Amino acid sequence: MSQNNNNNATTIASQQWDKAALTYETPFTLKILTFYSNELLKRSDLSSLQKSKNNETDSNTYNNTDKNNVIQNYYFLDIATGTGILAFLLQNQITNNFNNSFDNDISQPPPQTQHLLQNYKIEGIDFSQGMIQIANQKKQQSNESVNFQVMNGMDLQFKDNTFDRIFSNFGIIFYPDIVKGLKEIYRVLKSNGGIAVVNGWTENHSMKIPVEIVTSFHTKKKVPDFLQLKNVNVFEKVCKEAGFENVKVEIVNYKLKVSLKEYIDEALIRLPTMPMEKEEFIEIMKMAFGLDNDLEEIVTINLEATVATLIK
């Protein structure tokens, strides 16, 4: 494929994600992305950064912690940040000295307090201008510790060995070349203990049932393949191909409980081109969950993701 064709494809994909940006702020999507963001964060061993700096201060080798024992001069990267959900969760963890429960639903910027750190940096990047605009709207004006910018995750504009921790919450699965994207993560991650945590969907993704309904009517319609990392062994293989030697891939499940109406509304937003009338789609969705008429009844959606913890 020529360079011009590559650029055109990237532009089209970016425009599609611009349109999808508002769906990231629906309660349905926030629940999912907050849960899995926390799953990435809890695997990144954040507290060891604080302990490491405490030890350095005790030995008088460095003086990079303040009197509250909070970390300074650390760098974090959130790739495919979307509307900044993981970035803000990470900031809350740092601001509160890692005392927050990872079960907390905190996907907004933390309140400005005297403990807000000034000497760490969270970079949130996304190739969608629409996503970055919303992230910046959510960011408090005086919050200089988080920076959002438009950037292609497969061509990171950062120096080698820059970041202590790197995250990507359902981002790399949409890359045309996942290995190339992982190589970029490896390049900008610090050596000697830098940790990256990334994930992907299995067949049990959030839109599984609606997609199956749509494709059953439209067999020739190609569904975007975001399931390339559904297999643990394949995920491990591509990570090692990118240069990582210390790789751990796990399956993480989440039982999402929402009303059927909320699920249907979300599906209609995500899948705007339906090969059937809306009323027919609703009836099929009700049958899929064994319901008659009550769209407000709570249903359980069993989600499943692969999560890779990578140490350099």
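Residues numbered from 1 in each chain as written. Predicted model: local features only at pLDDT ≥ 70, side-chain atom pairs only at ≥ 80, totals over all residues. Heavy atoms only, no water.

### With respect to the overall build of the protein
Looking only at helices and strands, one finds 10 helices and seven strands in the protein. The 312 residues of the protein split such that 50% are buried. Contacts in the protein between residues at least 24 apart in sequence constitute 79% of all its contacts with a sequence separation of at least 6. Here the protein has roughly 15,300 Å² of accessible surface; of this, 47% comes from carbon and sulfur atoms. (Helix = DSSP H or I, 4+ residues; strand = E, 2+ residues; numbered from the N terminus. Buried < 20%, exposed > 50% of the residue type's maximum accessible area, 1.4 Å probe, protein only. Contact = heavy atoms within 4.5 Å. Areas by Shrake-Rupley, 256 points an atom, 1.4 Å probe, with all protein chains shown as cover.)

### Details of the pairing of strand 7 (residues 298-311)
Where strand 5 (residues 195-201) and strand 7 come together, seven bridges link them in antiparallel fashion. Of the residues in strand 7, the one forming a bridge with Asn199 is Val307. Two strands pair when backbone bridges link them, and strand 6 (residues 246-259) and strand 7 are joined in this way by 14 bridges, in the antiparallel orientation. If you follow Asn246 over to strand 7, its bridge partner there is Ile311. (Pairing = 2+ DSSP bridges.)

### Quick look at the pattern of salt bridges
One pass over the full model with this rule turns up 12 salt bridges. A salt bridge links Glu25 to Lys138; the nearest nitrogen and oxygen atoms lie 3.1 Å apart. In this pair, Glu25 is assigned in the loop between helix 1 (3-20) and helix 2 (27-42) and Lys138 in helix 5 (residues 129-138), connecting sequence segments 113 residues apart. Lys138 sits in the buried class, given a relative accessible area of 14%. With a shortest N-O distance of 3.0 Å, Lys230 and Glu203 are connected by a salt bridge. Taken together, the positions of Lys230 in the loop between helix 7 (208-217) and helix 8 (232-241) and Glu203 in the loop between strand 5 and helix 7 put the pair 27 residues apart, joining distant regions of the chain. With a relative accessible area of 37%, Lys230 lands in the partly exposed category. Judged by relative accessible area, Glu203 falls into the partly exposed class, the value being 38%. Each of the salt bridges in this network shares a partner with another, and the network as a whole consists of Glu39, Lys42, Arg43 and Glu250. (Salt bridge = Lys/Arg side-chain N within 4 Å of Asp/Glu carboxyl O.)

### A look at helix 9 (residues 260-270)
Leu260, Tyr263, Ile264, Glu266 and Ala267 are the residues of helix 9 that are buried. Buried residues in helix 9, looked at end-on, bunch into an arc of 160°, giving them a common side. Buried residues belonging to helix 9 abut helix 2, helix 7, strand 6, helix 10 (278-288) and strand 7. (Arc of directions from axis to C-beta.)

### Some words on the packing of helix 9 against helix 10
Packing of helix 9 against helix 10 brings their axes to within 11 Å, and their N-to-C directions diverge by 135°. Overall, the two elements helix 9 and helix 10 adopt an arrangement that is oblique. As helix 9 packs across helix 10, the resulting crossing turns out to be right-handed. Counted together, Leu260, Tyr263, Ile264, Ala267 and Leu268 of helix 9 and Lys278, Phe281, Ile282, Met285 and Lys286 of helix 10 form the full contact between these two elements. (Axes fitted to C-alpha atoms, helices over the stretch in contact; angles between N-to-C directions. Parallel < 35°, antiparallel > 145°, perpendicular 65-115°, else oblique. Left-handed = near helix turned anticlockwise from the far one by under 90°.)

### Section: the sheet that holds strand 6
Strand order in the open sheet made by the seven strands is 3-2-1-4-5-7-6, with mixed pairing throughout. What marks the edges here is a single partner per strand, and that holds for strand 3 (146-150) and strand 6. The average undirected angle you get between the axes of adjacent strands in this sheet is 20°. Strand direction decides the pairing type here: strand 2 (residues 120-126) and strand 3, joined by five bridges, are parallel. When the bridges of strand 3 are listed, Ile122 appears paired with Val146.

### So, unusual backbone geometry
Peptide bonds are mostly trans, and most non-glycine residues show a negative phi. Notably, Ala80 is not glycine yet its phi reads approximately 55°, a positive angle. A positive phi angle, close to 55°, is found at Asn161, a residue other than glycine.

### A look at the packing of helix 2 against helix 4 (residues 85-95)
Describing two packed helices takes the angle between their axes plus the distance from one axis to the other. At a closest axis distance of 9 Å, the pairing of helix 2 and helix 4 adopts a crossing angle of 50°. In terms of axis orientation, helix 2 runs oblique to helix 4. Regarding helix 2 and helix 4, the two cross each other, and that crossing is right-handed. Together, Leu30, Leu33, Thr34, Ser37, Asn38, Leu40 and Leu41 of helix 2 and Ile85, Leu86, Leu89 and Leu90 of helix 4 make up the contact between the two elements. Residue composition of the contact of helix 2 with helix 4, by class: eight nonpolar, three polar and no charged. (Nonpolar A, V, L, I, M, F, W, Y, C, P; charged D, E, K, R; others polar.)

### Concerning the packing of aromatic side chains
Evaluation of the coordinates by the stated rule reveals 12 aromatic pairs. Where Phe88 meets Phe148, the ring centres are 5.5 Å apart and the plane angle is 70°; that geometry is what we call edge-to-face. With Phe88 in helix 4 and Phe148 in strand 3, this residue pair connects regions lying 60 residues apart in the sequence. Judged by its relative accessible area of 0%, Phe88 is buried. A relative accessible area of 5% means that Phe148 is categorised as buried. (Phe/Tyr/Trp six-rings, centres within 6.5 Å; stacked < 30°, edge-to-face > 60°.)

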